[in-house]
Amino acid sequence: MLGKDQRKFRAIPWVLAAVLAVCFAGFAQNAFAKEAFAESVFAEEAFAKEVGAQEAEVAEGEGEPEVEWSQDVFYKDFEGNPLKGIVSGYPAPELGDSDYNNYDFAPSRMLLWMANQQHLYFGSFVLAVPIFCMMIEFIGVRTKESDPVLSAKYDKLAHDLMKVSLTAYSWTAILGGILLFTFITLFPGFFKYMAGIFRPVMHVYALMFLAESGVLYVYYYGWDKMGADPFLKWVHVSLSVLLNLIGTVLMYLANSWATFMQAPGGIDEQGRFLGNIWHVIHSTLWNPVGVHRILGNIVFGGGIVGAYAAYHYLSAKNDEEKAHYDWMCYVAMFIAIFGLIPLPFAGYWLMKEVYAFRQQMGITLMGGIMAWLFIIQAVMIGLLFFGANSYLHNSMARVKGAHRYMKYCKYMVLLLIVCFTMWMTPHTIVMTPAELKAMGGAQHPVVGHFGVMSAKNTAVNLMITCTILCFLLYQKANKKITVPWQTVGNCWIAAIFVFAACNIVFLGVYGYFLPANQRVGLSVPQVTSTLTTLFAGMAINISMFKDSESYGDIQWGTLSNVGCYAIFLLAISFTWLMGLMGYIRSAVRLFWHVTEVVRDNSPDAYTLTIGEAGKMLTFNTLFVWVQFIVVFWVGSLTGKKKVAEARSPEGVPVPAQQQ
Amino acid sequence: MLPEQQDILWTFLSLIFTVFSVIVFIIVVQNCRERDDVDSKKWGAIFGVFVIANFLCTKHMLTLTQGGQLAFIWWQVLVIFVELLVWGVFCKGDKIESQSPPLIRAAFFWVVIGLLLAGYTNWLPQQRSDPPPKGGAAISADLTMEDFTEMGRIIVFGAKQVAGQKSIGKGQCPLCHTFEPGNNIGRCPNLFGVEERSHTRIKEERYLNLPMKIGEKEPATGVVKGVRDGVDAAYQRGGSDDLVGEDYLRESLMCPSCYVVTGFGKAGDTKSPMPVISKPPISLSPIELNAVIAWLQSKDTPGEFSKVTVPLPSAEASAPAEDSGGDDEEAPIFVTGEEDVPTMINTLGCPLCHTIPGVEGAVGELGPALHEKTNAPNRIKDSRYEGKATNTKEYVRESILCPGCYVVMNEEEGELFPDGVMPGDFANKLSVKAIDKLVDFIANTEAPPAG
């Protein structure tokens, strides 16, 4: 039974892999695209110059005003000289007191942050859920012939998710309206400039929103009608693809405003628009931010759906409901973690582009005033690993045969605690002179050694390696290995992990004896060791499953409460982390609305202390979850049907064990 | 948040607490209605009181500002804890199972994790970064070269410092550059000895030809390389047309790609990653840029300004100080030597850590007592002493300018006084006259007679 179901579930990783492949294609294409783009820009520009010059001549003859040319702040031609364009807009305003409004009870900047963050959270959710629904519905359609019952279950899950998303969609639009009004009322001068530059983009955005709404309503309300006929069902699945395409375009259009503010292009030093709207949209950070956000949305959406399922699991009234939501937790977590793995690579790409745009902006992020925020990010990632491991440990408890490995869990938890403590140890903290004296300097003589990157890199790599090991054990949990080379295979896996751990620790210690600029290079072999355990370890592990026997089915509905709280921890960590990274990306502009072009002359132009930012992030996190609860509750009012009508999903396949 | 405004998190939490008490009230009422053996009126009244108490707390919170809210929120937290306790008594006493719905437990978990994260961020070093003032620096008529180089230092490092934090000023230079010998973070060249290098660099073959020849225009900035008048008119120096070290420093700031130090550039060391300092986002005015050059020329010889070639700006040349926004900026500490000794010592903050005979209120204990007339000769003879001083005055001068050169033993504790606590930048806070005056005074301090 399990084996049969496993085959059906194989589609999930393939679909996820396809999604990731599209994202990675974005990475690879970008390099080529940039070159090709530069060529086309150059040709376009040469042509424009010629035409412009001719027009200018003609205009001169007719007594018309001359065309003014100016240099782009970002785009360059083949020779590395700033690209020139025809001035087509007004200079950026020097904002004064009359360009800012405020309320007495809170700074305008905080109100805008709140409005923006809430809209972004909901935007992420409503963009992520259609991606899930697309994948789940697709799997449902593909499994219809072989297992109609399971197919119906997938279909229902997708439908339920869309129901929740539909309410959230309206909510997102309302929050978007609030954001718009906040901009217009509190930052009118700045918004006027942005509207002047992005006028056509904003209209296209509004039209795309209309298209998104139309497709969404047809997709949701046509679910039952189009589900009966196989052809119409495929049309319905295609609608989900269209929905996601429109959603992605919407997100990219909105991203262009933020990326323009951070790293502008298509304007001159005075902020005057140079006539090419594509240059303004396609500024240097547009692509990496887009990819990063798609992956982030998937992770965040997975976290929300996981928490939703975990909550319903905790409040389930019967075993069937418990089994259903237990399975739903697993699917959501699987999708979230799958999105999480490539997320750092998209982050690296984004940072690379930031450094390429302005090195000092990158250094402000990684080594300047924002550096502490990246330490906090590290702590959050540590929390994610804790949550993921805890969930896996608790999930193993419901897998027959897992008792063989459960005894190792406590050692893994111990390692995680040690590494996590090491990771969150700050290099320096605020001290009084007396404390400084008592400690003998700014750094503690012993603990201070754990505050540097050598220790932190070692800690995080060990945490990831530990998580990978945990996942391999989870895969093996209910397998009775029968291949003749199982001893050799196990020895290889053990050797790979031991060697990787030793190498990571050795390089970490070695780093203390190297200068800082050389030490940075050690992170590459450390990460390589970690990735080796992932790929080599998993390859050997999966190979050993050939002809394996099963110890028994997974007991869905028996997940411990701790496992549910681990999902809650993941969800809150995702939410807080998303807010944190958004703040970092935005705050790195320092005292500029648009970097180097429109200066922020408001009273709130300072960069917050970490503590102030942390409080705001916690507020935003708690506030958005209050809203999610309301939205889920409203969604549930449309009719509470019993879940899992079909059957007890004991045979629901497990992606991790499908091999 | 400004102090006179409300704290958004505490306000929100207060509201949440009130909502929580209402939910608990509803749950208790439901429990009471489901069972006949429970005293509905009693429990309803008790939990009703909690609702009212929380409502009043929240109402009061809304009237407070940030500081008051932080102090008062704990009272509401106390109310909530008491309520939880009473709720436990209610459930336990009346044997009510499944006391709290998952929503409450999950919300509690959510709030605790969220507050722990907020607490962690408040535990870390706090540094607020204010925007640099608009417009150029204001110059007074009695500006000295010490003041001017100090202005340059503040542009580089900023006036405010937080314990354990690298300080970065408007110029943002320390993000990439280092300034002490041997300290190299590898991002950009170490600027120790840059004044000396500036004179030799302009004669090097590589400078003359790479990445462009002298006299060529750098396209991105429009600066003509190696020519005194090659920069914007407002930034040009006066005097002879000969290329001098000052021109190299100015050119490096205004046209980083005119010459790229080997190993620190992009595209085969032909492009510098450094921003143009006279343009956004840094946008130093001509006077500010000159101040940085003056500091670069004098920083390796503390108290000695003979190598500074940029002229002092006149008050008339200063940009109008409109909207300088610098009201809240700390004035840099600097003593000229015109003050009397106690004033100098108090200005420099010595009494915070040192006991200094003859200076009223100087009874600090973090650092050693300054009885140098008797102590200095012994310390020079100490086997741990590796400094260059041969007499008391030299020792005192060395201790002021280089506090880490010799760390004094704390006899009472039986261990060394902590190194690194005393600021190492007194060279930038004292004029030559001031340091001489200070050394004369401290070299003659001795412990008061016993009794």
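Residues numbered from 1 in each chain as written. Chains lettered and ligands numbered in written order. Predicted model: local features only at pLDDT ≥ 70, side-chain atom pairs only at ≥ 80, totals over all residues.

### Some remarks on the overall build of chain B
Our working rule: Where helices and strands are cited, they refer to DSSP runs of H or I of at least four residues and of E of at least two residues respectively, numbered from the N terminus. To sort residues by burial, count the other C-beta atoms lying within 10 Å of each one's C-beta; a count of 20 or more means buried, 12 or fewer means exposed, and anything in between means partly exposed. C-beta atoms are built from the backbone. Residue pairs are scored as contacts if the distance between their C-beta atoms, which are placed from the backbone, is within 7 Å.
Within chain B one finds 13 helices and 2 strands. Across the 451 residues that make up chain B, the buried fraction comes to 33%. Of the contacts formed within chain B by residues at least 6 apart in sequence, a portion of 58% connects residues at least 24 apart.

### Details of the environment of W113(A)
Residues and elements named next belong to chain A. With respect to the helices, strands and loops of the structure, W113 is situated in helix α3 (residues 108-142). Exposure remark for W113: the 25 C-beta atoms within 10 Å place this residue in the buried category. Along the chain, W113 and I468 lie 355 residues apart, while their C-alpha atoms are 37 Å from each other.

### Observations regarding the nonpolar core
How we decide: By convention the nonpolar core is taken to be a set of buried residues drawn from Ala, Val, Leu, Ile, Met, Phe, Trp, Tyr and Cys and joined through C-beta atoms within 7 Å.
Counting 198 residues, the largest nonpolar core has F132(A), C329(A), I567(A) and F568(A) as its most contacted members. Here this core takes 18 residues from α3(A), the largest share from any one element. Residues within four places of F132(A) in sequence aside, it is in contact with L161(A), G301(A), V305(A) and I335(A). Of all hydrophobic cores here, the second largest spans 38 residues; its members include I155(B), C176(B), C188(B) and C258(B).

### Thoughts on the domain arrangement of chain B
The cut-off we apply is this: As annotated, the domain borders come from an automatic or database domain assignment.
Domains assigned within chain B are domain 1 (8-123), domain 2 (145-298) and domain 3 (341-442). Taking only C-alpha atoms into account, the centre of domain 2 of chain B sits 35 Å from that of domain 3 of chain B.

### Examining the packing of α3(A) against helix α7 (residues 230-262) of chain A
Residue and element names in this part refer to chain A. Selection rule: Helix axes are fitted to C-alpha atoms over the stretch in contact, other axes to C-alpha atoms as well, and angles between N-to-C directions run from 0 to 180 degrees. Orientation labels follow simple angle bins: below 35 degrees gives roughly parallel, above 145 gives roughly antiparallel, 65 to 115 gives roughly perpendicular, and whatever is left gives oblique. Two helices cross in a left-handed way if the nearer one is turned anticlockwise from the farther one by less than a right angle. They cross in a right-handed way if the turn is clockwise. Gly falls in the polar group here, along with every residue not listed as nonpolar (Ala, Val, Leu, Ile, Met, Phe, Trp, Tyr, Cys, Pro) or charged (Asp, Glu, Lys, Arg).
Running from N to C, α3 and α7 point in directions that differ by 160 degrees, and their axes come no closer than 9 Å. As summarised for this structure, α3 and α7 are arranged roughly antiparallel, according to the angle between their axes. Here α3 and α7 pass one another in a crossing that is left-handed. Between α3 and α7, the contacting residues are L127, P130, I131, C133, M134, E137, F138 and V141 on the first element and K233, V237, S240, V241, L243, N244, G247 and M251 on the second. Here the residues of the contact of α3 with α7 are counted per class, giving 11 nonpolar, 3 polar and 2 charged.

### Notes on the confidence of the model for chain A
Close reading of the predicted structure is inappropriate where its pLDDT is low. Residues and elements named next belong to chain A. We apply this condition: For every residue, the pLDDT score states the predictor's confidence, bounded by 0 at the bottom and 100 at the top.
Looking at chain A as a whole, its pLDDT mean stands at 82, while 84% of the residues score no less than 70. This stretch, residues 23-36, has a pLDDT under 50; its non-local contacts, to residues over four places away or in other chains, come to 8 contacts. Per-residue pLDDT stays below 50 along residues 642-659; that stretch engages in 49 contacts with residues further than four places along the chain or on separate chains.

### Concerning the domain arrangement of chain A
Residue and element names in this part refer to chain A. We note that the domain assignment places domain 1 (2-34 + 96-385 + 557-657) and domain 2 (401-550) within chain A. Listed as interface residues are 8 residues of domain 1 and, on the opposing side, 14 residues of domain 2. Partitioning the side of domain 1 that touches domain 2 into residue classes produces 6 nonpolar, 2 polar and no charged.

### A short note on the packing of helix α8 (residues 245-254) of chain B against helix α9 (residues 286-298) of chain B
Residue and element names in this part refer to chain B. Where α8 contacts α9, the axes come no closer than 10 Å and their chain directions differ by 125 degrees. Classified by the angle between their axes, α8 and α9 sit oblique to one another. Like other packed secondary-structure pairs, α8 and α9 cross with a definite hand, here right-handed. Only L289, V292, I293 and L296 of α9 make contact with α8, whose side of the interface consists of E246, L249, R250 and L253. For the contact of α8 with α9, the residue count by class is 6 nonpolar, no polar and 2 charged.

### Observations concerning the pairing of strand β1 (residues 69-76) of chain A
Residue and element names in this part refer to chain A. Spelled out, the test is: Should DSSP find at least two bridges between two strands, the strands are taken to pair.
Looking at chain direction, β1 and strand β2 (residues 82-86) are connected through 4 bridges and run antiparallel. Looking at β2, one finds that K76 is bridged to P82. The turn joining β1 and β2, which pair antiparallel and follow one another in sequence, is formed by 5 residues; a positive phi near 85 degrees is taken by G80.

### Quick look at helix α20 (residues 561-587) of chain A
Here is the rule we go by: Under the convention used throughout, the expected extent of a helix is 1.5 Å for every residue step, that is, one less than its residue count.
The end-to-end C-alpha distance of α20(A) is 38 Å, a good match for the 39 Å that 27 residues give at a rise of 1.5 Å each. Extensive coverage of α20(A) is indicated by the burial of 20 of its 27 residues.

### Regarding unusual backbone geometry
For the bond running from L210(B) to P211(B), omega is -15 degrees, close enough to zero to count as cis. If you trace the backbone, P211(B) turns up in the loop between α7 (205-209) and α8. Its identity as a non-glycine residue notwithstanding, D547(A) has a phi of 60 degrees, on the positive side.

### Here we look at helix α9 (residues 286-314) of chain A
End to end, α9(A) covers 41 Å across 29 residues, agreeing with the expected 42 Å (1.5 Å per residue, within 8%). Counting buried residues in α9(A) gives 28 out of 29 residues, a clear majority hidden from the surface.

### Some details on the environment of V215(A)
Residues and elements named next belong to chain A. Looking at the element boundaries, V215 is found in helix α5 (residues 188-221). Considered as a pair, V215 and C419 are 204 residues apart in the sequence and their alpha carbons are 48 Å apart. Residue contacts for V215: discarding those within four places in its chain leaves L239, L242, L243 and I246.

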